[in-house]
Amino acid sequence: MLHPLPLLALLPALLLGSQALAARDSLVVCTEASPEGFDLVQYTAATTADATAETVYERLVQFAPGSTRIVPALAESWEISADGRNYTFNLRRGVRFHQVPGFPLSREFNADDVLWSFQRQLDPEHPWHRLSPRGFPYAEAMGMAELIERIDRLDEHRVRFVLRHPEAPFLANLAMGFASIYSAEYAAQLLAAGKPAQLNSLPVGTGPFVFQRYAKDAQVRFAANPDYWAGAPRLRRLIFSITPDPNVRVQKIKAGDCQIAVYPRPTDISRLREDPNLRVLELDSLLVAYLAINTRHPPLDDVRVRQALNLAFDKASYLRAQYGEGNASPALAPYPPTLWGQNPELKAWPHDPQRARALLRKAGVPEGQKLSIWTRPGGGPTNPNPGIGAQMLQADLRAVGIDAEIRVYEWGELIKRAKAGEHDLVFMGWAGDNGDPDNFLTPNLSCAAAASGENLAGWCHERFDQLIREARRISEPERRAALYREALAIFHAQAPWIPLAYPKQFGLTRSNVRGFQLSPLGSNNFARVELD
């Protein structure tokens, strides 16, 4: 569990905030929420990935900046066997892990670190496997233990992944945060010292920034890694100023209290473009906003009720209020139309309260049925104004005879409790991690994800699950697309979500910021940022 620093220890960090702003080597970023923790493989939130995968940790392969193209990272090169089952990686030499007081690391990155990082997640007998209180949500939802037959250490600088069957998105999956490489030596020292929890509070990786400290719900501080294999960042310090309210983020960047502010409200974009001291960044990202319907809770286990909720919600009005004109398109499927495999025969649920009410009565739902609507404070790219959105849904449900109570939880608490299945309806969003349709379907809608809690609808449909599993094992895009079209038809008819929007992604920088670009994967990386 993470705790704030004592006040005296925290004061220098807070005082440095205003001083650092004047320095060209210090970047302050106004971020939307606190990280859930720093042991990345336990979590799925984008805010956690930004504070870990984009700073401290790296993977064998990575996405080229601003794209979904796979490029080398800790592996300099790789070979894939003709049958698609063997992936051999040639590891980069001369890479050093970060150093932390009290736990000196004696060697460079090698194959042992790759094996430790994956076997910890895949092998129930691994000494660290049971030490993750939240499990390994990505690895579990994606069935990695069933997919990977073994990982061979060929020598100190070569590893081979042997799969039980071909898996089309496997290489792209290895560029995702859950595939980050940890120091096996650091882990062994923590275990020997009886301090395994420190892996979640003091992360050690090979990335461009070294973790310094975290003041809960206030600030995360990093220092540049001078020994970074790809060249030290131009910045000496990187500071995440945790600012959940998008209005406050805008105020702070205007005042110069931060140089980058993530996720301004889309309805404010036209006004922000007029400020000569700011730059507005815009991108069609791989984002979907949705309302998860907890199918484990009666009467939401009845498909007629879920369909009625889709009919009851005035999605067009919701989009106008949340995003303004042209800043988002209405969602129909679990992933945006920029990805292949869409089903053109699907038709959006119309806003039809009369039909919704009739379905509810047929399902035996009494007038005044009580449900809970869960949302968060502040706002992000998939839910710019949570309060207004929840109130609009509440009013539309009241019109069809449902009495819905709005409950607001801080982001980390919302995620934890929703994964435990406590909600009825929860506003949520997803940013694609690897540019493949499977990344939207398997982590969010598979039966394995329902079992782990990542599937917030708790929905497990045998045929849907079979289709997406089969699609992963096929390399030909046309055959995969046909399977996805059938799966999307099932999703639409079963209605475990109310798909809301495919939002554009926006960001703000001060005019003196160079080298920052938005990623279609919804991540934020600051390793090549410079300040004029």
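Note: the structure precedes this text.
Since the structure is predicted, the reported quantities are computational estimates derived from the model, not experimental observations.

Engineer: I'd like to hear about the pattern of salt bridges, residue by residue, with values.
Structural biologist: This structure, assessed with the given rule, holds 34 salt bridges. Close ionic contact of Asp-155 with Arg-158 constitutes a salt bridge, the shortest N to O distance being 3.1 Å. Taking relative accessible area as the criterion, Arg-158 reaches 34% and is therefore assigned partly exposed. Note that Arg-480 is salt-bridged to Asp-436, the shortest N-O span being 2.9 Å. Separated by 44 residues along the polypeptide, Arg-480 in helix H18 (residues 477–494) and Asp-436 in the loop between strand S17 (425–431) and helix H15 (438–445) bring together distant segments of the chain.

Engineer: Which residues make up the sheet that holds strand S8 (residues 209–215), and what values do they have?
Structural biologist: The strand order S8-S9-S10-S1-S11-S19-S12 describes an open sheet built from seven strands, whose pairing is mixed. Of all the strands in the sheet, just S8 and strand S12 (278–283) have a single pairing partner and so form its edges. Taking the axes of each pair of neighbouring strands and ignoring which way they run, one obtains an average angle of 20 degrees across the sheet. By the bridge criterion, six bridges tie S8 to strand S9 (residues 219–224) in an arrangement that is antiparallel. Residue pairing across strands places Phe-211 opposite Phe-222, the latter belonging to S9. This element, helix H8 (residues 246–254), spans strand S1 (26–31), strand S10 (237–242), strand S11 (260–262), S12 and strand S19 (505–510) of the sheet and lies at about 25 degrees to S19.

Engineer: Requested: an account of the nonpolar core, with residues and values cited.
Structural biologist: Counting 116 residues, the largest nonpolar core has Phe-89 and Phe-161 as its most contacted members. Among all residues touching Phe-161, those that are not within four sequence positions of it are Leu-60, Arg-85, Asn-86, Tyr-87, Phe-89, Val-114, Phe-118, Ile-148, Arg-150, Ile-151 and Phe-170. Counting 32 residues, the second largest nonpolar core, distinct from the first, contains Ala-289, Leu-311, Ala-404 and Leu-500.

Engineer: Lay out the packing of helix H10 (residues 303–312) against helix H12 (residues 353–362) with the relevant residues and their values.
Structural biologist: The N-to-C vectors of H10 and H12 enclose an angle of 160 degrees; their axes lie 8 Å apart at closest approach. The pairing of H10 with H12 is recorded here as roughly antiparallel in orientation. For the element pair H10 and H12, the recorded crossing hand is left-handed. Two secondary-structure elements touch here, H10 through Arg-304, Val-305, Gln-307, Ala-308, Leu-311 and Ala-312 and H12 through Pro-353, Arg-355, Ala-356, Leu-359, Leu-360 and Lys-362. When its residues are assigned to classes, the contact of H10 with H12 shows eight nonpolar, one polar and three charged.

Engineer: Residues and numbers for helix H17 (residues 462–472), please.
Structural biologist: Listed as buried for H17 are Phe-464, Asp-465, Leu-467, Ile-468, Ala-471 and Arg-472. End-on view of H17: buried residues confined to an arc of 160 degrees, all on one side of the axis. Those residues of H17 that are buried are in contact with H15, helix H16 (447–452) and H18.

Engineer: So what about the state of the cysteines? Which residues, and what values?
Structural biologist: Under the defined criterion, the tally for this structure stands at two disulfides. Cys-30 shares a disulfide with Cys-258; S-S distance 2.4 Å. Residues Cys-30 and Cys-258 are joined by a disulfide whose S-S torsion is about -105 degrees; by sign, that bridge is left-handed. Of this pair, Cys-30 sits in strand S1 while Cys-258 is found in the loop between H8 and S11, placing the two residues 228 residues apart along the sequence. Note on Cys-30: relative accessible area 0%, which makes it buried. Two residues share a disulfide in this structure: Cys-447 and Cys-460, whose sulfurs sit 2.0 Å from each other. Between Cys-447 and Cys-460, the S-S torsion sits near 95 degrees, and that sign places the bridge as right-handed.

Engineer: So what's going on with the sheet that holds strand S4 (residues 75–80)? Which residues, and what values?
Structural biologist: On the basis of which strands lie adjacent, the open sheet formed by four strands has the order S4-S5-S7-S6 and antiparallel pairing. Of all the strands in the sheet, the pair left with one neighbour each is S4 and strand S6 (148–155). Across the sheet, the mean angle separating the axes of adjacent strands is 20 degrees when strand polarity is ignored. As paired strands, S6 and strand S7 (residues 158–163) are joined by six bridges and run antiparallel to one another. Bridge assignment links Arg-153 to a residue of S7, and that residue is Val-159. On the sheet, helix H3 (residues 111–122) packs against strand S5 (86–91), S6 and S7 and is oriented at approximately 165 degrees with respect to S6.

Cut-off values and rules
- Residues numbered from 1 in each chain as written.
- Predicted model: local features only at pLDDT ≥ 70, side-chain atom pairs only at ≥ 80, totals over all residues.
- Heavy atoms only, no water.
- Salt bridge = Lys/Arg side-chain N within 4 Å of Asp/Glu carboxyl O.
- Buried < 20%, exposed > 50% of the residue type's maximum accessible area, 1.4 Å probe, protein only.
- Helix = DSSP H or I, 4+ residues; strand = E, 2+ residues; numbered from the N terminus.
- Pairing = 2+ DSSP bridges.
- Axes fitted to C-alpha atoms, helices over the stretch in contact; angles between N-to-C directions.
- Contact = heavy atoms within 4.5 Å.
- Core = buried A, V, L, I, M, F, W, Y, C linked by side-chain atoms within 4.5 Å.
- Parallel < 35°, antiparallel > 145°, perpendicular 65-115°, else oblique.
- Left-handed = near helix turned anticlockwise from the far one by under 90°.
- Nonpolar A, V, L, I, M, F, W, Y, C, P; charged D, E, K, R; others polar.
- Arc of directions from axis to C-beta.
- Disulfide = S-S within 2.5 Å.

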